[in-house]
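Listed here are the chains, written in short residue letters.
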Amino acid sequence: MILTLEWTDEGVRFLDQRVLPLEETYVLAKDYNQVAEVITTMVVRGAPAIGVSAAMGVALGVRQSKAADLNALKPEFEQICNTLAGTRPTAVNLFWAIERMRQRYLALAAEPGATVQSVAQGLKEESLRMYDEDIQACREMGAHGASLMPTDGGVLTHCNAGALATCGYGTALGVIRAAVEQGSRLRVFADETRPFLQGARLTAWELMHDDIPTTVLCDNMAASLMRKGQISAVIVGADRIAANGDVANKIGTYGVAVLAKEHGIPFYVAAPWSTIDVQTATGEDIPIEERAQVEVTHHGGKQLTPQGVGIVNPAFDVTPAKYVTAIITERGVLRAPYAESLRELEPAAL
Ligand code: MRU
C-alpha cells in the first residue's frame, strides 16, 4: 500500500507529493509547526489526508509540551490547534479533525488522575484511530460506489482523490479501485490539473502502481473526449460539501461537471462524511483558498508568463448541486435533493 503519511516515534512521516512521480522521498515533521508547514506547502494534500495530518500534528504538539500541568497545557493546546487550523481554508476535514481532537482532549483532561502525559497518549491514540477510520471509510465508499461505474469504459477524474489524498485507498480512486476489483474493465482518464498537476503526477503514478490503465490529458481536452464518446462517467473527490449539496473541489471541477451535463455523462462525487459541512448552507459560503502566483507563473523553476502579467490562482471552485448525479459516502449514496438525503443519513445534523 502507498504510505501517504504515518506516525513514527520520531514524528509524522510524509511521502513528499511535491516531487512525485520522479522522486519517492519522505519528509519527517518532528513538531506541530513542521506538520503545519508540510500541509501549507502541499507535501501532503487532499482533504482527508490533511485532516488526519492535522490530528497527528495536535498529538505531536501535546507530546512535546513542556507544560508542568494541565492548566499550563490549556493555552498551549489552543496555540497548537490555531496554528494547524491556519494552514489551508477550504477542506473542512482539517477543521473537523481539529475539533474532534479538541473534544477528545477535553474528555481526557477531565478523567480522574489525568496528566499531561496521559492526555498526550490519549491524543496519539485518537489520531491513529482517525487514520484507520479514514481507510475504512474509503473502502466503504468503494463498496457503495463500485456499481455506479461502467463495467467497461472510460472514467474521467480531476485532481487526485486517491490513496495519496487519504490515508490509503482513496475516495474517487477508491471507487474506481473497487470497481476494478469487482471485474470492471475501466480505463481512467486523468485531467492533468493545472497548476499543481495532481492528475498528471499523482493520479497517474498511483493508478499505474495498481496496474489500472490510465491516460493523462490536458485539462482543455476533456470536452473533446466527451464528444467523441470516450468518457462514460466522471468521478471526483471533494474538499467541502455544503448542506444543499454544492461541492467545493479542485479548481476546474466545475467546468468538468458542466461539460458532463452537456454530454449526458453522470458526474459523481465521492467523499467521507467528514467532508460534509452542514453548517455551511451553500457553496457561496465556502472559503476558497487563493494560492501563490508563482504556482501559475512558473513550472519546475522556469518562468512561463511575462513578468508583471496579472495572475489568478484560486485552488478550488464550487460545483452547484444541480450538476452532481450522486454523492458517494461511507454511509451510502446520496441523491438530490441533497438537503433531504443528508438528513436521512444523519437526522440530527440539520
Ligand atoms: O489542493 P489539493 O491537492 O489539496 O486539492 C485536493 C482536491 O481537490 C481533492 O480532490 C479533494 O481534496 C478530495 S481528496 C480525497
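Every value quoted in this text rests on a predicted model; they were computed, and no experiment measured them.

Caption draft 1: Representation of the packing of helix 2 (residues 47-63) against helix 5 (residues 116-145) within the structure. Two elements in contact, helix 2 and helix 5, have axes separated by 8 Å at closest approach and are oriented at 165°. By the criterion of interaxial angle, the relationship of helix 2 to helix 5 is roughly antiparallel. Pair helix 2 / helix 5 crosses with left-handed handedness. For the pair formed by helix 2 and helix 5, the contact residues are Pro48, Val52, Ala55, Met56, Ala59, Val62 and Arg63 on the first element and Val116, Val119, Ala120, Leu123, Lys124, Ser127, Leu128, Met130, Tyr131 and Asp134 on the second. For the contact of helix 2 with helix 5, the per-class residue count stands at 13 nonpolar, 1 polar and 3 charged.

Caption draft 2: Highlighting the nonpolar core. Membership of the largest hydrophobic core comes to 43 residues, with the highest contact counts inside it found for Phe14, Leu84 and Leu123. Listed by contribution, the elements that provide at least two residues to this core are strand 1 (5-8), strand 2 (11-15), helix 1 (32-40), helix 2, helix 3 (70-85), helix 4 (92-109) and helix 5. With near-sequence residues (within four places) excluded, Leu84 lies in contact with Tyr32, Val35, Ala36, Ile39, Ala54, Gly57, Val58, Leu94 and Ile98. Counting residues in each nonpolar core, the second largest holds 28 residues, with Ile231, Trp273, Ala321 and Ile327 among its members.

Caption draft 3: Molecular detail of the site of the ligand. Of all residues adjacent to the ligand, which total 18 residues, the nearest are Arg88, Gln198, Asp239, Asn249 and Lys250. One of the side-chain N or O atoms of Asp239 is found 2.8 Å from an oxygen atom in the ligand. In this structure, an oxygen atom belonging to the ligand sits 2.6 Å away from a side-chain N or O atom of Asn249. Contributing elements (two or more residues each) for the shell around the ligand: helix 2 and strand 9 (247-250). Looking at the shell around the ligand, its residues break down into 8 nonpolar, 6 polar and 4 charged. Each of two domains, domain 1 (5-140) and domain 2 (147-349), supplies a minimum of three residues to the shell around the ligand.

Caption draft 4: Region of the structure containing the packing of helix 5 against helix 6 (residues 172-181). Running from N to C, helix 5 and helix 6 point in directions that differ by 60°, and their axes come no closer than 8 Å. In terms of orientation, helix 5 and helix 6 fall into the oblique class. Regarding helix 5 and helix 6, the two cross each other, and that crossing is right-handed. Taking contact as the criterion, the partners of Arg139, Met141, Gly142, Ala143 and Gly145 in helix 5 are, on helix 6, Gly174, Val175, Ala178 and Glu181. Classifying every residue of the contact of helix 5 with helix 6 by side-chain character gives 4 nonpolar, 3 polar and 2 charged.

Caption draft 5: Spatial organisation of the domain arrangement of the protein chain. Domain assignment breaks the protein chain into domain 1 (5-140) and domain 2 (147-349). Taken together, the contact pairs 32 residues of domain 1 with 34 residues of domain 2. Here domain 1 packs against domain 2, burying approximately 2700 Å² in sum over the two surfaces, 59% of which is carbon and sulfur. If you look at where domain 1 meets domain 2, you find 1 salt bridge. Residue Arg88 is joined to Glu289 by a salt bridge in which the shortest nitrogen-to-oxygen separation is 2.9 Å. Taken together, domain 1 and domain 2 are joined by 16 residue pairs in polar contact (both at pLDDT 80 or more).

Caption draft 6: Representation of helix 6 in the model. The buried fraction of helix 6 amounts to 8 of the 10 residues, a majority that puts the element mostly inside the structure. The complete set of buried residues in helix 6 reads Ala172, Leu173, Gly174, Val175, Ile176, Arg177, Ala178 and Ala179.

Caption draft 7: Region of interest: the sheet that holds strand 1. Sheet architecture is open: 3 strands sit in the order 1-2-3, paired in antiparallel fashion. Two strands bound the open sheet, and with one partner strand each, they are strand 1 and strand 3 (26-29). Across the sheet, the mean angle separating the axes of adjacent strands is 25° when strand polarity is ignored. The strands touched by helix 1 are strand 2 and strand 3; relative to strand 3, the strand with the most contacts, the crossing angle is about 140°.

Caption draft 8: Representation of the sheet that holds strand 9 within the structure. A sheet is described by the order of its strands in space; here 4 strands give the open sequence 11-8-9-14, paired in mixed fashion. On the outer flanks of this sheet lie strand 11 (276-277) and strand 14 (316-319), each paired with one strand and no other. Taken together, the 2 bridges between strand 8 (residues 240-242) and strand 11 define a ladder with parallel strand orientation. Bridging across to strand 11, Ala242 finds its partner in Asp277.

Caption draft 9: The arrangement of the pairing of strand 7 (residues 233-236) in detail. Alternating residues of strand 7 divide into Ala233 and Ile235 and Val234 and Val236, and every residue in both groups is buried. Pairing of strand 7 with strand 10 (residues 267-270) involves 3 bridges; the strand directions are parallel. Across the sheet, residue Val234 finds its bridge partner in strand 10, namely Phe267.

Caption draft 10: The pairing of strand 5 (residues 185-191), seen in detail. Most of strand 5 is tucked away: 5 of the 7 residues are buried. Here strand 4 (residues 152-157) pairs with strand 5 via 6 bridges, running parallel. Paired with Asp152 across the strands is Arg185, a residue of strand 5. Handedness of the crossover joining strand 4 and strand 5 through helix 6: right-handed. For strand 5 and strand 6 (residues 214-217), the ladder comprises 4 bridges, and the chain directions are parallel. Bridge pairing in strand 6 places Asp191 opposite Leu217.

Conventions adopted
- Counting from 1, residues in each chain are numbered in the order their sequence is written.
- Totals for whole chains, interfaces and linings use every residue, but because this is a predicted model, local features are given only for residues with pLDDT of at least 70 and side-chain atom pairs only at 80 or more, for both listing and counting.
- Hydrogen atoms and water are omitted, and side-chain values are computed over all heavy atoms in the structure.
- For helices, the fitted axis covers only the stretch in contact; all axes are lines through C-alpha atoms, and the angles between them, taken along N-to-C directions, range from 0 to 180 degrees.
- We count a stretch as a helix when DSSP gives it H or I for four or more residues in a row; a strand needs E for two or more, and each element gets its number in order from the N terminus.
- With respect to orientation, any angle under 35 degrees is reported as roughly parallel, any angle over 145 as roughly antiparallel, any angle of 65 to 115 as roughly perpendicular, and every other angle as oblique.
- Whether a crossing is left-handed or right-handed is set by the direction in which the near helix is turned from the far one by less than a right angle, anticlockwise for left-handed and clockwise for right-handed.
- Throughout, a contact is declared for two residues whenever any of their heavy atoms are within 4.5 Å.
- Three classes are used: nonpolar for Ala, Val, Leu, Ile, Met, Phe, Trp, Tyr, Cys and Pro, charged for Asp, Glu, Lys and Arg, and polar for all others, with Gly counted as polar.
- Think of a nonpolar core as a cluster: buried Ala, Val, Leu, Ile, Met, Phe, Trp, Tyr and Cys residues, connected wherever their side-chain atoms sit within 4.5 Å.
- Only protein chains enter the accessibility calculation, which uses a 1.4 Å probe. A residue is then buried if its area is under 20% of the maximum for its type, exposed if over 50%, and partly exposed in between.
- Residues are counted as near a molecule or strand when any one of their heavy atoms sits within 4 Å of it.
- What qualifies as a polar contact is a pair of N or O atoms within 3.5 Å, subject to a donor-acceptor requirement within protein and to the restriction that residues adjacent in sequence count only when both atoms come from side chains.
- Where each domain starts and ends follows an automatic or database-derived domain assignment.
- Accessible-area loss on putting two parts together, using a 1.4 Å probe and summing over both, is the definition of buried area adopted here.
- Every case where a carboxyl oxygen of Asp or Glu lies within 4 Å of a side-chain nitrogen of Lys or Arg is listed as a salt bridge.
- For two strands to pair, DSSP has to find at least two bridges joining them.
- Seen with its strands pointing away from the viewer, a crossover is right-handed if its path from the first strand over the helix to the second goes clockwise.

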